[in-house]
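For reference, the chains in residue letters:
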Amino acid sequence: MSYIALYRKWRPLVFEDVVEQEHVVKTLKHSVITGRIGHAYLFCGTRGTGKTTMAKIFSRAINCISPRDGDPCNECDICRAILNDSLLDVVEIDAASNNSVDNIREIRDEVIYAPSQARYKVYIIDEVHMLSAGAFNALLKTLEEPPAHVVFILATTDPQKLPATILSRCQRFDFRRITVENIMKRLNAIARESGVNLQHEACRLIARKADGALRDAISILDQCMSTGNRDISYDDVLAMVGIVNDSFIGDMFDAMSSRDISQALGLVETLVNEGKDIAQFVSDFTVYCRNVLLCKVIRKPEEVIEASSETLERMKEQSKAYGQTELIYIIKELSALESNLKWATHPRILL
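None of these values were measured; they are calculated from a predicted model.

Rules behind the numbers
Residues numbered from 1 in each chain as written. Predicted model: local features only at pLDDT ≥ 70, side-chain atom pairs only at ≥ 80, totals over all residues. Heavy atoms only, no water. Phe/Tyr/Trp six-rings, centres within 6.5 Å; stacked < 30°, edge-to-face > 60°. Helix = DSSP H or I, 4+ residues; strand = E, 2+ residues; numbered from the N terminus. Buried < 20%, exposed > 50% of the residue type's maximum accessible area, 1.4 Å probe, protein only. Contact = heavy atoms within 4.5 Å. Pairing = 2+ DSSP bridges. Right-handed = clockwise from strand over helix to strand, strands pointing away. Axes fitted to C-alpha atoms, helices over the stretch in contact; angles between N-to-C directions. Core = buried A, V, L, I, M, F, W, Y, C linked by side-chain atoms within 4.5 Å. Salt bridge = Lys/Arg side-chain N within 4 Å of Asp/Glu carboxyl O.

A. Highlighting the packing of aromatic side chains. Across all of its chains, the model carries 9 aromatic pairs by this definition. Ring geometry for Phe253 against Tyr322: centres 5.7 Å apart, planes inclined by 85°, an arrangement best described as edge-to-face. Here Tyr322 lies in the loop between helix H15 (309-318) and helix H16 (324-341) and Phe253 lies in helix H12 (residues 246-257), a separation of 69 residues in the sequence. An identical accessibility class is assigned to Phe253 and Tyr322; each is buried. Within the aromatic cluster, the residues linked to one another by ring pairs are Tyr41, Phe43, Phe58, Phe173 and Phe175.

Written out as structure tokens, the structure is:
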């Protein structure tokens, strides 16, 4: 049997397993229990927050032969067929590659027919904001007067690109970014079940690197586990994802604040020789400077900064080297540099 990526293997099968989206879960479960199923739903949020997963669970729940308190049983013929992607009544479409008028017209021609096996015909349209203007117009007519047996679930990371006429015809749910603590809980559970010892600092680093996207975090863990190491440390994660530790970034800040050009260039040399990604370093350095600024302007920075106590104390000390205006200027310069690095042939020279 071929290997299944961790994020697919650990994809939630019932509503309760979806992390951080209780407000969406409560409403959808109540809809299933009461039978008040809308004809169109819009799931919005950044990547890796559970939009497609929720759509898959919901498509099973409304079609399940024996649902359990609003959850799909995942054991009946309908649930198993949807899980195996073999049920023709549940269709998942990637709008990024199927964004033409003709693609939507095909759906419009199909929806008039009753489902072959399930109770509802479900169309999950991922990245719906990628549809063309003509495709949106074609979809609008179908959303306006849909048959009773059809449910549309639209998922997008960019809801502001959708026409107001589409938005007004959908029940909208905004998915929250997942907190570091909840990502860590999920990663620890996966590591335990996989027989891997994931050290606390390594787990926290993965969670911070994921930036609110659980799928990204699980993918990083999968990458670390692929080395065959049953004990994953902080340094293992650093080496795997190509980022530098807070100590290195702190040294670069000290070199900058003391105007020590030799030390700064020496650190850049080390960065390049170790094969680290310069764009990633600039991004991390920008965040570090932002955290130093927060240490300067708020009383309890530990409440908003995700960092170890040692790093936090160092940041507080470093914040004395600059005024607030200077730090804002530095952050703006680094942000501009980060943008320019995307097109740079020689990123080291720009740095």
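Alright, that's what it looks like, and here's the rest.
B. Summary view of the side chain of Gln21. Residue position: Gln21 is located in the loop between helix H1 (6-9) and helix H2 (22-34). Once residues within four sequence positions are removed from consideration, Gln21 is found in contact with Thr49, Met54, Phe175, Arg176 and Ile178.

C. Representation of the pairing of strand S2 (residues 90-94) within the structure. Pairing analysis gives 5 bridges linking S2 to strand S3 (residues 121-126), with the strands arranged parallel. Bridged to Glu92 within S3 is Ile124. Following the chain from S2 across helix H5 (residues 101-110) to the adjacent parallel S3, one finds a crossover that is right-handed.

D. Region of the structure containing the sheet that holds strand S4 (residues 150-156). Taken together, 5 strands build an open sheet; the order of strands is S2-S3-S4-S1-S5 and the sheet is parallel. Pairing within the sheet leaves two strands with one partner each, and these edge strands are S2 and strand S5 (171-174). Direction aside, neighbouring strands of the sheet carry axes that sit 15° apart on average. One ladder, built from 5 bridges, connects S3 with S4; its direction is parallel. Looking at S4, one finds that Ile124 is bridged to Ile153. Against the sheet, helix H6 (residues 133-144) engages strand S1 (40-44), S3 and S4, with an angle of about 135° to S4.

E. Just the side chain of Ser233, in detail. Mapped onto the elements of the fold, Ser233 is located in the loop between strand S7 (231-232) and helix H11 (234-241). On the basis of relative accessible area, Ser233 is assigned to the buried category, the value being 17%. With near-sequence residues (within four places) excluded, Ser233 lies in contact with Gln199 and Ala202.

F. Layout of the nonpolar core. The biggest cluster of nonpolar side chains holds 32 residues, and the ones touching the most others in it are Leu28, Phe43, Met54 and Phe58. Contributions of two or more residues to this core are made by H2, S1, helix H3 (51-61), helix H4 (77-83), S3 and S4. When residues in this core are grouped by element, the largest group, 5 residues, is from H3. With sequence-adjacent residues up to four places away left out, Phe43 is seen in contact with Leu28, Lys51, Met54, Ala55, Ile153, Leu154, Ala155, Thr156, Phe173 and Phe175. Core analysis: the second largest hydrophobic core is formed by 30 residues, Val244, Val282, Cys289 and Tyr322 among them.

G. Quick peek at the pattern of salt bridges. On inspection of all chains with the given rule, the structure shows 19 salt bridges. Between Asp246 and Arg208 there is a salt bridge whose closest N-O contact spans 3.8 Å. Of this pair, Asp246 sits in helix H12 while Arg208 is found in helix H9 (residues 200-210), placing the two residues 38 residues apart along the sequence. A salt bridge links Glu317 to Lys320, with the shortest nitrogen-to-oxygen separation between them at 3.3 Å. Each member of the pair Glu317 and Lys320 is classed as exposed. Linked by salt bridges that have partners in common, Glu16, Lys29, Asp69 and Asp71 make up one network.

Any functional reading would require information that these geometric values do not contain.
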